[in-house]
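Given next are the chains, with one letter for each unit.
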Amino acid sequence: KNEVEQSPQNLTAQEGEFITINCSYSVGISALHWLQQHPGGGIVSLFMLSSGKKKHGRLIATINIQEKHSSLHITASHPRDSAVYICAARPTIQGAQKLVFGQGTRLTINP
Amino acid sequence: DARVTQTPRHKVTEMGQEVTMRCQPILGHNTVFWYRQTMMQGLELLAYFRNRAPLDDSGMPKDRFSAEMPDATLATLKIQPSEPRDSAVYFCASARDPEAFFGQGTRLTVV
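Residues numbered from 1 in each chain as written. Chains lettered and ligands numbered in written order. Predicted model: local features only at pLDDT ≥ 70, side-chain atom pairs only at ≥ 80, totals over all residues. Heavy atoms only, no water.

1. Quick look at the overall build of chain A
Thought 1: Broken down by element type, chain A carries 0 helices and 11 strands.
Thought 2: Traced from its N-terminal end to its C-terminal end, chain A shows the element sequence β-β-β-β-β-β-β-β-β-β-β.
Thought 3: On C-alpha atoms alone, chain A measures out to a radius of gyration of 13 Å, which is about the 13 Å that the 2.2 N^0.38 rule sets for 111 residues.
Thought 4: Taken over 111 residues, chain A has a buried fraction of 49%.
Thought 5: Positive and negative charge centroids in chain A, built from 10 and 6 side chains respectively, lie 8 Å apart. (Helix = DSSP H or I, 4+ residues; strand = E, 2+ residues; numbered from the N terminus. Rg over C-alpha atoms; globule rule 2.2 N^0.38 Å. Buried < 20%, exposed > 50% of the residue type's maximum accessible area, 1.4 Å probe, protein only. Lys, Arg positive; Asp, Glu negative; His and termini not counted. Charge placed at Lys NZ, Arg CZ, Asp CG, Glu CD.)

And the structure:
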């Protein structure tokens with residue numbers, strides 16, 4: 001079992017739908033990152049969370065430390081949101097900045 | 001607009017050849033990571049440096065891979081000799097706690 005699990009692995013939705021991607025982890029963490037990777041391959045850091053909730057535009061990320069669970073939400077989804085979304089945990093036990101990655105969720109938003 | 005720069009963006013080489021990938025981290029960032037991404041394994045940490053000192057390279061095959069940071073503006077990842085199983089996208093990321101920024105990656109194909 002991976003230390004970081006994402007669901008779903010693939011998600012297809014229509015433009016305008018509310019999207020939720022989930023991330024569960026099994027280790028103690030100091031922070032959790034949500035990354036976005038577009039078809040061109042570049043990786044962009046969307047959020048870094050250690051507690052609570054963060055919002056940036058149409059993107060919202062939440063984390064529940066007790067339940068070891070984080071979610072990434074996209075409101076009013078758009079075809080340009082189509083990408084792979086990767087959850088990455090920074091375990092406290094393994095050193096300050098190493099990241100353990102989920103397998104990614106491939107999101108496709110159809111017009 | 002500060003960014004992490006990786007060169008080359010693409011590299012095709014024959015098995016047995018030496019490959020060197022370069023990364024210019026964002027000025028002022030004190031931590032540099034090398035990650036590898038494949039379809040099968042997703043993103044994996046190979047090595048990381050803090051203040052130019054190698055902190056962890058346990059994710060790297062020691063017999064053929066080496067990572068160095070000769071100065072604060074350059075990190076290198078070398079594979080010698082390369083093998084077809086090394087074909088992947090190699091990402092460099094630089095960080096100044098808590099955020100990390102990724103380069104565009106080097107897509108390596110070993111034939």
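2. Quick word on the environment of B:Ala93
Residue and element names in this part refer to chain B.
Thought 1: In this structure, Ala93 sits in strand S9 (residues 88–96).
Thought 2: Each C-alpha atom of the pair Ala93 and His29 lies 9.8 Å from the other, and the pair is 64 residues apart in sequence.
Thought 3: In this structure Ala93 touches Thr31, Val32, Phe33, Tyr35, Phe101 and Phe102, once residues within four positions along its chain are discounted. (Contact = heavy atoms within 4.5 Å.)

3. Quick word on the interface of chain A and chain B
It is common to report an interface's size as the accessible area lost on association of the parts.
Thought 1: Counting residues at the interface gives 16 residues for chain A and 22 residues for chain B.
Thought 2: Along the contact surface separating chain A from chain B lie 0 salt bridges.
Thought 3: Inspection of the region where chain A meets chain B yields 1 residue pair in polar contact (both at pLDDT 80 or more).
Thought 4: Among the elements of the structure, strand S4 (29–37), strand S5 (43–49) and strand S9 (83–91) of chain A are those that each provide at least two residues to the side of chain A that touches chain B.
Thought 5: In terms of residue class, the side of chain A that touches chain B is built from 7 nonpolar, 7 polar and 2 charged. (Salt bridge = Lys/Arg side-chain N within 4 Å of Asp/Glu carboxyl O. Polar contact = N/O pair within 3.5 Å; in protein donor to acceptor, adjacent residues only side chain to side chain. Nonpolar A, V, L, I, M, F, W, Y, C, P; charged D, E, K, R; others polar.)

4. Structural notes on the layout of surface pockets
Thought 1: Quantified by volume, the largest pocket comes out at close to 760 Å³.
Thought 2: Residue lining of the largest pocket: 35 residues in total, with A:Gln37, A:Val84, A:Arg106, B:Gln37 and B:Met39 positioned closest to the centre.
Thought 3: Elements that contribute at least two residues to the lining of the largest pocket include exactly S9 and strand S11 (105–110) of chain A together with strand S4 (31–38), strand S5 (42–50), S9 and strand S11 (106–110) of chain B.
Thought 4: Tallied by class, residues from the lining of the largest pocket come to 12 nonpolar, 20 polar and 3 charged. (1 Å grid on protein atoms, 1.4 Å probe; cavity = no way out; pocket = protein on both sides within 12 Å on 5 of 7 lines; lining within 4 Å. Points joined across faces, edges and corners; volume = space filled by probe spheres on them.)

5. A look at the pairing of strand S6 (residues 53–56) of chain B
All names here are of chain B.
Thought 1: Both S5 and S6 contribute to a ladder of 3 bridges, which runs antiparallel. Paired with Phe49 across the bridge in S6 is Pro54.
Thought 2: Joining the antiparallel neighbours S5 and S6 is a turn of 2 residues, in which Asn51 adopts a positive phi near 50°. (Pairing = 2+ DSSP bridges.)

6. As for the side chain of B:Asp86
All names here are of chain B.
Thought 1: As for its position among the elements, Asp86 is in the loop between strand S8 (74–79) and S9.
Thought 2: A distance of 2.7 Å separates the side chain of Asp86 from the backbone nitrogen of Glu83, its partner in a polar contact.
Thought 3: Discounting chain neighbours no more than four positions away, the residues touching Asp86 are Arg36, Arg64, Phe65, Ile79, Pro81, Leu108 and Val110.

7. Let's talk about the sheet that holds S8(B)
Residues and elements named next belong to chain B.
Thought 1: Read from one edge to the other, the open sheet built from 4 strands follows the order S1-S3-S8-S7, with strand pairing classed as antiparallel. Unpaired on one side and paired on the other, strand S1 (5–7) and strand S7 (65–71) mark the two borders of the sheet. The mean angle between the axes of side-by-side strands here comes to 20°, regardless of whether they run parallel or antiparallel.
Thought 2: Across 3 bridges, the pairing between S1 and strand S3 (residues 19–24) is antiparallel. Following the sheet pairing, Gln6 is matched in S3 by Cys23. (Axes fitted to C-alpha atoms, helices over the stretch in contact; angles between N-to-C directions.)

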